[in-house]
Amino acid sequence: MEEFRKYAGEMLDFIERSPSCFHAVANVAEMLKAQGFRELKESEDWEFSRGEGLYVIRNDSSLIAFRMPTAPKNWESPQGFHIVASHSDSPSFKVKEDPEMAVEEHYLKLNTEKYGGMLLSSWMDRALSVAGRVAVRDGNDVKAMLVNLDRDLLVIPNLAIHMNREMNKGVEYNPQVDMLPLYADCSQGEKKDILRERIAQELGVLKEDILGQDLFLYVRDKGRILGENGEYVLSPRLDDLQCVFSSVKGFLEGKSSRYINVCAVFDNEEVGSGTRQGADSTFLEDTLLRVAQGLGENHGEFLRLVAGSFLISADNAHGVHPNHPEKADPTNRPYLNGGIVLKYHGSQKYTTDAMSGAKIRSLCEKAGIPCQTYANRSDVPGGSTLGNISTAHVSVESADIGLPQLAMHSAVETAGVKDTKYAVELFRAFYQQ
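Below, the structure is looked at part by part. What you see is a predicted model; the values in this text were computed from it and never measured.

1. Some points on the nonpolar core
Working step 1: Of all hydrophobic cores here, the largest spans 49 residues; its most connected members are Leu-32, Ile-340, Ile-401 and Phe-427.
Working step 2: Take this core: its biggest share by element is 8 residues, from helix 4 (residues 238-253).
Working step 3: When neighbours within four sequence positions are excluded, Ile-340 is seen to be in contact with Cys-364, Ile-369, Pro-370, Cys-371, Gln-372, Ile-401, Gly-402, Leu-403, Tyr-422, Ala-423 and Leu-426.
Working step 4: One finds Leu-110, Leu-149, Ile-156 and Leu-195 within the second-largest nonpolar core, a separate group that totals 33 residues.

2. Thoughts on unusual backbone geometry
Working step 1: Residue Asp-239 is joined to Asp-240 through a cis peptide bond whose omega torsion reads 15°.
Working step 2: Mapped onto the secondary structure, Asp-240 falls in helix 4.
Working step 3: Even without being glycine, Asn-268 reaches a positive phi, approximately 70°.
Working step 4: For Asn-268, the location among the structural elements is in the loop between strand 13 (259-266) and helix 5 (283-294).
Working step 5: Looking at Asn-268, the relative accessible area reads 8%, which means it is buried.
Working step 6: A positive phi angle, near 70°, is found at Asn-337, a position not held by glycine.
Working step 7: With respect to the secondary-structure elements, Asn-337 resides in the loop between strand 15 (317-318) and strand 16 (340-343).

3. Things to note about the pattern of salt bridges
Working step 1: Overall, the coordinates contain 25 salt bridges when judged by the stated rule.
Working step 2: Taking the shortest distance from any N to any O, the salt bridge between Lys-33 and Glu-30 comes out at 3.0 Å. Residue Lys-33 and its partner Glu-30 are both found in helix 2 (residues 21-34); the two are separated by 3 residues, about one turn of the helix.
Working step 3: Looking at Glu-30, the relative accessible area reads 46%, which means it is partly exposed.
Working step 4: The shortest N-O distance in the salt bridge between Lys-41 and Glu-39 comes to 3.3 Å.
Working step 5: Overall, the relative accessible area of 33% leaves Glu-39 in the partly exposed class.
Working step 6: Among the ionic contacts, a cluster of salt bridges with common partners joins Lys-6, Glu-10, Lys-249, Glu-253 and Arg-428.

4. Regarding the pairing of strand 20 (residues 413-416)
Working step 1: Burial of strand 20 is two-sided: the residues Glu-413 and Ala-415 facing one way and the residues Thr-414 and Gly-416 facing the other way are all buried.
Working step 2: In the sheet, strand 12 (residues 232-235) pairs with strand 20 via 4 bridges, with the strands oriented antiparallel. Pairing of Leu-234 across the sheet is with Thr-414, part of strand 20.
Working step 3: Taken together, the 2 bridges between strand 19 (residues 404-406) and strand 20 define a ladder with antiparallel strand orientation. Residue pairing for strand 20: Leu-406 is matched across the bridge by Thr-414.

5. Regarding the sheet that holds strand 18 (residues 397-402)
Working step 1: Spatially, 9 strands are ordered 1-2-3-13-4-14-18-16-17 in an open sheet, and the strand pairing comes out mixed. If you trace the sheet from one side to the other, it starts and ends with strand 1 (38-40) and strand 17 (371-374), each paired once. Going across the sheet, the axis of each strand differs from the next one's by a mean of 25°, ignoring polarity.
Working step 2: Two elements, strand 16 and strand 17, share 4 bridges in a ladder whose sense is parallel. In the sheet register, Ile-340 faces strand 17, and the bridge partner there is Cys-371.
Working step 3: The strands touched by helix 5 within the sheet are strand 2 (53-58), strand 3 (62-67), strand 4 (80-87) and strand 13, with strand 3 carrying the most contacts at an inclination of about 25°.

6. Overview of the environment of Ile-210
Working step 1: With respect to the helices and strands, Ile-210 occurs in strand 10 (residues 210-219).
Working step 2: With a relative accessible area of 4%, Ile-210 lands in the buried category.
Working step 3: When the C-alpha atoms of Ile-210 and Met-145 are compared, they prove to be 9.8 Å apart, with 65 residues separating the residues in sequence.
Working step 4: Excluding residues that lie within four positions of it along the chain, Ile-210 makes contacts with Val-134, Ala-135, Val-136, Arg-196, Ile-199, Ala-200 and Val-205.

7. So, the sheet that holds strand 12
Pairing between the strands of a sheet comes from backbone hydrogen bonds, and it takes one of two forms, parallel or antiparallel.
Working step 1: The strand order across the open sheet formed by 5 strands is 11-12-20-19-15, and the pairing between neighbours is mixed. Both outer strands of the open sheet, strand 11 (224-226) and strand 15, are each paired with one neighbouring strand and no more.
Working step 2: Note that strand 11 and strand 12 share 3 bridges and pair antiparallel. Residue Arg-224 lies in a different strand from strand 12, and its bridge partner there is Leu-234.

8. A closer look at the packing of aromatic side chains
Working step 1: In this structure the tally under the stated criterion is 11 aromatic pairs.
Working step 2: Taking the centre distance of 5.9 Å and the plane angle of 45° together, the rings of Phe-14 and Phe-245 count as tilted. Here Phe-14, found in helix 1 (residues 2-16), pairs with Phe-245, found in helix 4; they are 231 residues apart in sequence, far enough to count as distant.
Working step 3: In this structure Phe-14 comes out as buried when scored by relative accessible area, which is 1%.
Working step 4: The class for Phe-245 is buried, based on a relative accessible area of 4%.

Procedures and definitions
- Residues numbered from 1 in each chain as written.
- Predicted model: local features only at pLDDT ≥ 70, side-chain atom pairs only at ≥ 80, totals over all residues.
- Heavy atoms only, no water.
- Core = buried A, V, L, I, M, F, W, Y, C linked by side-chain atoms within 4.5 Å.
- Buried < 20%, exposed > 50% of the residue type's maximum accessible area, 1.4 Å probe, protein only.
- Helix = DSSP H or I, 4+ residues; strand = E, 2+ residues; numbered from the N terminus.
- Contact = heavy atoms within 4.5 Å.
- Salt bridge = Lys/Arg side-chain N within 4 Å of Asp/Glu carboxyl O.
- Pairing = 2+ DSSP bridges.
- Axes fitted to C-alpha atoms, helices over the stretch in contact; angles between N-to-C directions.
- Phe/Tyr/Trp six-rings, centres within 6.5 Å; stacked < 30°, edge-to-face > 60°.

By themselves these figures say nothing about function.
So this is what it looks like as structure tokens:
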């Protein structure tokens, strides 16, 4: 178990350092740079050499890394792309512009809105803080700066049971009324722009030089290992930073002489991916095309590379719930610590089919990794993910996988301590093919 806990501990450390999608991508970039990867800019010409590792970032919140094949005989004409895609964002509350709201000259709260489909009640009565990106004046230009107010700063207080005796019979929460976080005491007089002042102090800039913000709430709970034998992990943002960490680690450990290995981390999956940095953008297609062009391939040869490629869409899966086993499909029932979950859907919200699923199973068998299957109950609609969105832009063979977890989209989620290591081993084997 010690080796499993080691991987889980590294993953929890990565999540703790990634309170927002921007921080997650910055931390992935640091992992890549530590292994000698070089950053490219979309606005510049690209040049690279055999065996080199490179990455490109869009909007500070999405990243695509790739490593060129190592064998000289395959430099001119690789077999294709081996791609793993995950996402950097998690359900949260986004801080609105001009967010401060005074209540009866005593309380100051922040005006926020939902980002993604979240379990609202799980955010109440927890220590919260703010992290994200701000746009700061830099002479005649504007630069992006990441900020994390790394302290217990906010709370969304529940309503006492005495004031709503029906609370335990079910409550429909209104995000504009019930879910606004308490920030400060303003009983000593009017206060203005306290949050922006706090951010300016944190970054060492003038408050008036902060021209824009992309700020999110995050829970202050630290990830931890628990259970009688340390068999579970409890952490915020397991969906999908567990797959982000695992895919990047497997990518760094796996090298191929025949394929161009690609690790993609997209933003905005939780809100439909329809942004310029989401899976429903041209980011993946643009990057793969420029890689092919850098090899001297024409468009027809690029299409040949795409035809020889494979995509693993990695986004966590629902495990069988111990209190509600009836919510799972009768025959496809993944469990925590049971290994990789192959996800199937008749209406193709997941891209796995007989052939792509067989390839994942074969990889797992050869590497000694346990593999499970997931399907929704036929009377329960499921969510969508990255696979079918990405393949609408780049037509590659694809399979959807995940790691089993409980309480998906809660402020904190539960997963198995073994499954992070299983995921790293799968991705390493895939990239080494």
